[in-house]
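A structural walkthrough
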Amino acid sequence: MPEHLRALVVILGISVPAFWLAGMVAPSRLMSLEDFRRRRNLWFTITLLAFFSHSFWLYIIMAAGVLLWQVPRERNPVALYLLLLFAVPGFDQPIPGMGLVNFLFDINHGRLLSLTILLPAALRLSARTPPMPAITRIPDAAILCFIAYVCLRQMAVDTVTNSLRAGFYLMTDVWLLYYVASRSLRDRDRMREAVACLIVALGILSVIAVFETFKHWLLYESLRPALGLPPQPILIYLTRGEGGALRANGSVLNAIALGYTMMIGLALLVYLLPSIRPRWMGRAVVLVLAVGLLASLSRGPWLGTAVMVLGASLAGRGALKRVTIAGLVGGIALGAVLVSPWGGTVVDHLPFVGSVEADNVTYRQRLLDISWIVLMEHPVFGARDFLLHPMMEQLRQGQGIIDIVNTYLEVALANGLIGLGLFLVAPLFGLGRVWWSVRNLSPDDLEGLALGRALFGCLVGVLFTIGTVSSISVIPTLLWFVTAASIAYLGLGPRESVATKVASSVGKGMPWRFRGQLVRTDRAPRGS
């Protein structure tokens, strides 16, 4: 049997039980049975098309046809997008230009989902969605200005067609997801659905990652030759330490990206836990994602998870109590690991204090020092050809590459401090507004508080972790999803309360709405 079909057997052996277990929970509390079955069936259809098409272009055409046929039935496009995002790796291939240009643009699985799921949703939302709160125009404008700025900067040193492609990539990969998620998730049920679909997808990905580590077999790499794609030219960072364990990649094709997705999943899972019954299943999902995080053997996401827990604990009232509890639980867990037979191995793999690949930490420090010197030569607008600077040659590694393992440096070196500022406006705006909202939310709104803390901790962890990795794989995708979810959180309606139901039953048509207390609403409240 060909290797990619053996890999498919393993993937199906993991995903079928996973969807069966998810079907015990999701239809009763998180989404309708009809929606769950349709999304599940699409996941299997897309996966089977990828493994049986034996041609990348045949897969793209058939998958696009299936998605365009099913998407009109979808009530929550972001939920479907997040579930399917991890079904197939994001292999890139240029679409031929038919003699007019060299090529049109690169297509991959994620971009296919954006064009077939998010683009139709964005067109519908632009015509039907009520206006967002005026203050949310700030991150909208910042993202659009960032896209325009990057295109203009590239146009100054590159061809018009390449500059247009860069703008197209930013619009499809950044703006479409941000726009649709920030508008369509302003409803608690839709937000819950989207997060649930993400958790299901990451649960499957986590078990696949654990299998890859223990069996020393990257399942999705066998799909490259099966689709007629060339092999990966440089396979680096596959193991941790000399002769160490394989760092799982899963469908995201990168160990750090895998750990990053598990970190986000753990943060958002805290919001869903009260809705998962029986309780043991919720605890089992936490364990699955935590093991997937460990299987990545990626220290940046490990530290990011610790920062994420701290950030979530600090959000809202009672922060001191939550931080103390988190510190005690974390200390006990760490102590138990250290006294276990694996304690020495764990210490060796920790950053700063461990001995395994300690030169990676040194490289990041040198990258920061050298990049700062290079940036200060063009601090305002940066330099698109910064990799050609003589000082950057000091960072060239044995594989012949200069690895900019810091998203902030990657943006700043190419686009200057102006570009970095525009890049950070939306995430920092969402972070600040979620912090303010959680502080002012009613203590009775437990679901709203849980979601706010989860989003705040998630954003803090993401902003920390992208400082340890470049914008590869799904890393920027999930950054903009979490940012969009934070913006959508500002417009979420209040939790329906007993007072609301009583008021509506006593006098229908009376202009009252519950918003922490009964208040007069002759005009629509802000954020609705």
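Residues numbered from 1 in each chain as written. Predicted model: local features only at pLDDT ≥ 70, side-chain atom pairs only at ≥ 80, totals over all residues. Heavy atoms only, no water.

A few points about the overall build of the protein chain
Looking only at helices and strands, the protein chain features 19 helices and four strands. Every one of the 528 residues in the protein chain was classed for burial, and the buried ones make up 53%. Taken as a whole, the protein chain presents about 24,000 Å² of accessible surface, with 66% of it coming from carbon and sulfur. (Helix = DSSP H or I, 4+ residues; strand = E, 2+ residues; numbered from the N terminus. Buried < 20%, exposed > 50% of the residue type's maximum accessible area, 1.4 Å probe, protein only. Areas by Shrake-Rupley, 256 points an atom, 1.4 Å probe, with all protein chains shown as cover.)

Some remarks on the pattern of salt bridges
All chains considered together, the criterion is met by 14 salt bridges. Residue Arg 39 is joined to Glu 74 by a salt bridge in which the shortest nitrogen-to-oxygen separation is 2.5 Å. Residue Arg 39 is found in helix α2 (residues 33–52), and its partner Glu 74 is found in the loop between α3 (56–70) and α4 (77–85); the two are separated by 35 residues along the sequence. Among the salt bridges present, the one from Asp 189 reaches Arg 192, with a minimum N-O distance of 2.9 Å. Highlighted residues: Asp 189 and Arg 192, both in helix α8 (residues 188–215), separated by three residues, approximately one helical turn. Here Asp 189 falls in the partly exposed class, since its relative accessible area comes to 46%. Look at the salt bridges and you will find they share partners, linking Asp 35, Arg 38, Arg 39, Glu 74, Arg 75 and Glu 193 into a network. (Salt bridge = Lys/Arg side-chain N within 4 Å of Asp/Glu carboxyl O.)

Overview of the nonpolar core
Tyr 59, Phe 86, Ile 264 and Phe 481 are the most contacted members of the largest nonpolar core, which totals 164 residues. Not counting chain neighbours up to four residues away, the residues in contact with Tyr 59 comprise Ile 46, Leu 49, Ala 50, Ser 53, Val 88, His 109, Leu 112 and Leu 227. (Core = buried A, V, L, I, M, F, W, Y, C linked by side-chain atoms within 4.5 Å. Contact = heavy atoms within 4.5 Å.)

Digging into the environment of Ile 404
Structurally, the position occupied by Ile 404 is in the loop between α15 (359–377) and α16 (407–440). The spatial distance from the C-alpha of Ile 404 to the C-alpha of Leu 368 is 9.4 Å, given a sequence separation of 36 residues. When residues no more than four places from it in sequence are discounted, the contact partners of Ile 404 are Leu 367, Phe 386, Leu 387, Met 392, Leu 409, Glu 410 and Ser 470.

A closer look at unusual backbone geometry
In this structure, Pro 278 follows Arg 277 across a cis peptide bond, with omega equal to 0°. With respect to the secondary-structure elements, Pro 278 resides in the loop between α10 (255–272) and α11 (279–295).

As for the side chain of Ser 222
Note on placement: Ser 222 falls in the loop between α8 and α9 (223–226). A relative accessible area of 8% places Ser 222 in the buried class. Here Leu 219 takes part through its backbone oxygen, which lies 2.8 Å from a polar atom of the side chain of Ser 222. Ignoring any residue separated from it by four or fewer positions in sequence, one finds Ser 222 in contact with Glu 3, His 4 and Ala 7. (Polar contact = N/O pair within 3.5 Å; in protein donor to acceptor, adjacent residues only side chain to side chain.)

A closer look at a positive patch on the surface
On the surface, a cluster of positive charge is contributed by Arg 29, Arg 277, Arg 279 and Arg 283. Look at Arg 283 and you get exposed, because its relative accessible area is 58%. (Patch = residues over 30% accessible without salt bridge, like charges linked within 9 Å, V, L, I, M, F, W, Y side chains within 5 Å. Lys, Arg positive; Asp, Glu negative; His and termini not counted. Charge placed at Lys NZ, Arg CZ, Asp CG, Glu CD.)

Description of the packing of helix α1 (residues 3–29) against α2
Closest axis-to-axis distance for the α1/α2 pair is 11 Å, and the angle between their directions is 175°. On the basis of the axis angle, α1 is roughly antiparallel to α2. Here the contact of α1 with α2 is composed, by residue class, of 17 nonpolar, four polar and one charged. (Axes fitted to C-alpha atoms, helices over the stretch in contact; angles between N-to-C directions. Parallel < 35°, antiparallel > 145°, perpendicular 65-115°, else oblique. Nonpolar A, V, L, I, M, F, W, Y, C, P; charged D, E, K, R; others polar.)

Remarks on the pairing of strand β1 (residues 93–96)
Put simply, side chains in a regular strand alternate between the two faces of the sheet. One ladder, built from three bridges, connects β1 with strand β2 (residues 103–107); its direction is antiparallel. Counted as the bridge partner of Gln 93 is Ile 107 from β2. With antiparallel pairing between neighbouring strands as the criterion, β1 and β2 make up a hairpin whose turn holds six residues, including Met 98 at a positive phi of roughly 55°. (Pairing = 2+ DSSP bridges.)

Let's talk about the environment of Arg 6
Counting through the fold element by element, Arg 6 comes out in helix α1. Considering only alpha carbons, one finds Arg 6 and Leu 219, 213 residues apart in sequence, at a separation of 8.7 Å. Setting aside residues no more than four positions away along its own chain, Arg 6 makes contact with Met 1 and Trp 217. Reaching out from Arg 6, the side chain makes a polar contact with the backbone oxygen of Met 1 at a distance of 3.5 Å.

Quick notes on the confidence of the model for the protein chain
A residue-level look at the protein chain finds 86% of positions with pLDDT of 70 or above and a mean pLDDT of 85. By mean pLDDT, strand β4 (residues 518–520) is the weakest element of the protein chain at 30, and α4 is the strongest at 97. Below pLDDT 50 for its whole length, residues 496–528 participates in 28 contacts with residues either more than four positions away or in separate chains. (pLDDT = per-residue confidence, 0-100.)

So, the side chain of Arg 153
Its location among the elements puts Arg 153 in helix α6 (residues 137–155). When residues no more than four places from it in sequence are discounted, the contact partners of Arg 153 are Phe 381, Gly 382, Ala 383, Arg 384, Ala 414 and Asn 415.

Quick look at the packing of helix α17 (residues 446–465) against helix α18 (residues 475–489)
Two numbers describe how α17 lies on α18: the axes approach to 10 Å, and their chain directions differ by 145°. When you trace α17 past α18, the crossing you get is left-handed. Contacts between α17 and α18 involve Gly 448, Leu 451, Gly 452, Leu 455, Cys 458, Leu 459, Val 462 and Leu 463 on the former and, on the latter, Leu 479, Val 482, Thr 483, Ala 485, Ser 486 and Tyr 489. The residue inventory of the contact of α17 with α18, partitioned by class, reads 10 nonpolar, four polar and no charged. (Left-handed = near helix turned anticlockwise from the far one by under 90°.)

Section: the packing of aromatic side chains
One pass over the full model with this rule turns up 14 aromatic pairs. Pairing Phe 56 with Trp 57 gives two aromatic rings, centres 5.2 Å apart and planes at 85°, and the pair type is edge-to-face. Members of the aromatic cluster, connected to one another through ring pairs, are Phe 19, Phe 36, Trp 43 and Phe 44. (Phe/Tyr/Trp six-rings, centres within 6.5 Å; stacked < 30°, edge-to-face > 60°.)

Quick word on a nonpolar patch on the surface
Among the surface-exposed residues, Trp 20, Leu 21, Met 24 and Trp 280 lie close enough to one another that they form a single nonpolar patch of about 480 Å² accessible area. With respect to the secondary-structure elements, Trp 20 resides in helix α1. Overall, the relative accessible area of 60% leaves Trp 20 in the exposed class.

So, α6
Across its 19 residues, α6 extends 27 Å between first and last C-alpha, which sits within 8% of the 27 Å expected from 1.5 Å per residue. Turning to α6, its buried residues are Pro 139, Asp 140, Ala 142, Ile 143, Phe 146, Ile 147, Tyr 149, Val 150, Cys 151, Arg 153 and Gln 154. (Expected span 1.5 Å × (residues − 1).)

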